[in-house]
Amino acid sequence: MNGFFITGTDTEIGKTFCTAALTHAFTALGRRVVPIKSLAAGQELVDGRWINEDVQTLLAAQSLGLSDAQVGPLQFREPCAPHIAARLEGRNIEREPLLAAIRTSAASGDLALVEGVGGFRVPLTPGWDTADLAVDLGLPVILVVGLRLGCINHALLTAEAVRARGLRLAAWVANTVEAGQPHVTDNLQALQSGLGVPCLGHLPRYSRPADPRQAAAQLNSSALSALLA
């Protein structure tokens, strides 16, 4: 399985937006990219069909004709932690079937971008969380850092947790989530020094709805190519 595991410093910091941008960017470099939202909680009924916004964002970013189920192999209705959403629906998050579904989807292309849930350590089942999911998949990690107060601490702790699991932190993306944040340059310098891996880009806060293709154009193509080498 070739690709990257996309994690973040927290929830609501733009992991899906960045995963979609990376999908466009790697596609432009000639790769057949399969974006996968490993677990998605929170669906709305649209035209008689239950859909998840994050899954739809990734579905729109890919160019391989993937289905909703291939991009979002495990989806729940309630917008909350996956283990709670599963319990509310009387369903189980089963480790091996989920891993098998992710690997099957990944086989549809030559580069998988598997997005986690929330931060790096979100519980899924007793004794198994999203960090374990990343280890099971064995993919190098791209960290999305939500630029806001506290981001340096959150990023360094996440990087430490990633490496403690024996995973390679391959790169990071800076995504602006708070407009008008002060000392951005100082924050970026501290993050680069502390993380010690390439930054793929610093994304500004876009007006909503944001277009991942616009963000893809601002990613560092040389750094992206180096990841593929």
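Note that this is a predicted model, so its numbers are computed, not measured. Here, residues in each chain are numbered from 1, in the same order as that chain's written sequence. Given that the model is predicted, a residue must reach a pLDDT of at least 70 before its local features are reported, and side-chain atom pairs must reach 80 or more before they are shown or counted; all residues, however, enter totals for whole chains, interfaces and linings. The side-chain figures draw on all heavy atoms in the structure; neither hydrogens nor water molecules are used.

Q: Help me out: how do you make sense of the packing of helix H1 (residues 15-28) against helix H10 (residues 221-228) in this one?
A: A pair of packed helices can be characterised by two numbers: the angle between their axes and the separation between those axes. Fitted lines through C-alpha atoms serve as axes, helices being fitted only where they are in contact, and the angles separating the N-to-C directions of these axes extend from 0 to 180 degrees. Under the DSSP-based scheme used, a helix requires at least four consecutive residues in state H or I and a strand at least two consecutive residues in state E, with every element numbered from the N terminus. Where H1 meets H10, the axes come as close as 10 Å, and the angle between the chain directions of the two elements is 75°. Between H1 and H10, the interaxial angle falls into the category roughly perpendicular. Seen from H1, the contacting residues are Leu22, Ala25 and Phe26; seen from H10, they are Leu224, Leu227 and Leu228. Note on residue categories: nonpolar means Ala, Val, Leu, Ile, Met, Phe, Trp, Tyr, Cys or Pro, charged means Asp, Glu, Lys or Arg, and polar means any other residue, Gly included. Residues belonging to the contact of H1 with H10 are distributed by class as follows: 6 nonpolar, no polar and no charged. Roughly parallel here means an angle under 35 degrees, roughly antiparallel means over 145, roughly perpendicular means 65 to 115, and every remaining angle is called oblique. Between two residues, a contact is recorded if the distance between any of their heavy atoms is within 4.5 Å.

Q: Any chance you could explain helix H7 (residues 151-164) here in plain terms?
A: Residues that lie three or four places apart on an α-helix share one face, since the helix turns once every 3.6 residues. Under the convention used throughout, the expected extent of a helix is 1.5 Å for every residue step, that is, one less than its residue count. With 14 residues, H7 ought to run about 20 Å at 1.5 Å a step, and its terminal C-alpha atoms sit 20 Å apart, in line with that. Cys151, Ala155, Thr158, Ala159 and Val162 are the residues of H7 that are buried. End-on view of H7: buried residues confined to an arc of 100°, all on one side of the axis. In H7, the exposed residues that point more than 90 degrees away from the buried face are Glu160 and Ala164. For H7, the elements touching its buried residues are strand E1 (3-8), strand E10 (141-147), strand E11 (169-176) and helix H8 (184-195). A 1.4 Å probe rolled over the protein chains alone gives each residue an accessible area, and that area as a share of the maximum for its type sets the label: buried under 20%, exposed over 50%, partly exposed in between. By definition, the arc is the one covered by directions from the helix axis to the C-beta atoms.

Q: Is there a simple way to think about the side chain of Thr16 in this case?
A: In this fold, Thr16 is placed in helix H1. A 3.5 Å cut-off defines polar contacts: any pair of N or O atoms within that distance qualifies, except that in protein one atom must be a possible hydrogen donor and the other a possible acceptor, and neighbouring residues in sequence count only when both atoms are side-chain atoms. Among the polar contacts listed, one links the side chain of Thr16 to the side chain of Glu115, at a separation of 2.7 Å.

Q: Please clarify how unusual backbone geometry should be interpreted in this entry.
A: Excluding glycine, a negative phi dihedral is what most residues carry, and trans is how most peptide bonds are arranged. Phi angles above zero are rare outside glycine, and Glu12 is one such case at about 60°. On the secondary structure map, Glu12 appears in the loop between E1 and H1. With a relative accessible area of 67%, Glu12 lands in the exposed category. For His183, which is not glycine, the phi torsion reads 60° and is therefore positive. Assignment of secondary structure puts His183 in the loop between E11 and H8.

Q: How should the sheet that holds E1 be read in this particular structure?
A: Each strand in a sheet pairs with its neighbour through backbone hydrogen bonds, running either in the same direction (parallel) or in the opposite one (antiparallel). On the basis of which strands lie adjacent, the open sheet formed by 6 strands has the order E2-E7-E1-E10-E11-E12 and parallel pairing. Looking at the sheet topology across the chains shown, the edges are occupied by strand E2 (33-37) and strand E12 (199-203). In this sheet, adjacent strand axes meet at a mean angle of 20° when their direction is disregarded. Here H10 sits on the sheet and contacts E1, strand E7 (111-115), E10, E11 and E12; the angle it forms with E12, its principal contact strand, is near 145°. For two strands to be treated as a pair, DSSP must find at least two bridges joining them.

Q: Help me out: how do you make sense of the environment of Gly14 in this one?
A: Relative to the elements of secondary structure, Gly14 occurs in the loop between E1 and H1. Since its relative accessible area comes to 21%, Gly14 is described here as partly exposed. Counting along the chain gives 207 residues from Gly14 to Ser221, while the straight-line C-alpha distance between them is 20 Å.

Q: What's the story with H8 in this structure? I'm lost.
A: In this model, H8 (12 residues) spans 16 Å end to end at C-alpha, consistent with the 16 Å of a helix rising 1.5 Å per residue. What H8 keeps buried is the set Asn187, Leu188, Leu191 and Leu195. Buried residues along H8 cover an arc of 95° about the axis, so they all sit on one side. When the buried face of H8 is taken as reference, the exposed residues oriented beyond 90 degrees from it are Thr185, Gln189 and Ser193. In this structure, the buried side of H8 is in contact with E10, H7, E11 and E12. Gly196 lies just past H8 and shows a positive phi near 70°.

Q: Explain the pairing of E11 here, please?
A: One face of the sheet, then the other: side chains in a regular strand alternate in exactly this way. Across the 8 residues of E11, 8 count as buried, placing the element largely inside the fold. Alignment of E10 against E11, held across 7 bridges, turns out to be parallel. Across the sheet, the residue bridging to Gly146 is Asn175, located in E11. Note on handedness: a crossover is taken as right-handed if, strands pointing away from the viewer, the path from the first strand over the helix to the second is clockwise. Tracing the backbone out of E10, into H7 and back to the parallel element E11 gives a crossover that is right-handed. Summarising the sheet, E11 and E12 pair through 4 bridges and their orientation is parallel. Across the sheet, the residue bridging to Trp172 is Cys199, located in E12. Handedness of the crossover joining E11 and E12 through H8 is recorded here as right-handed.

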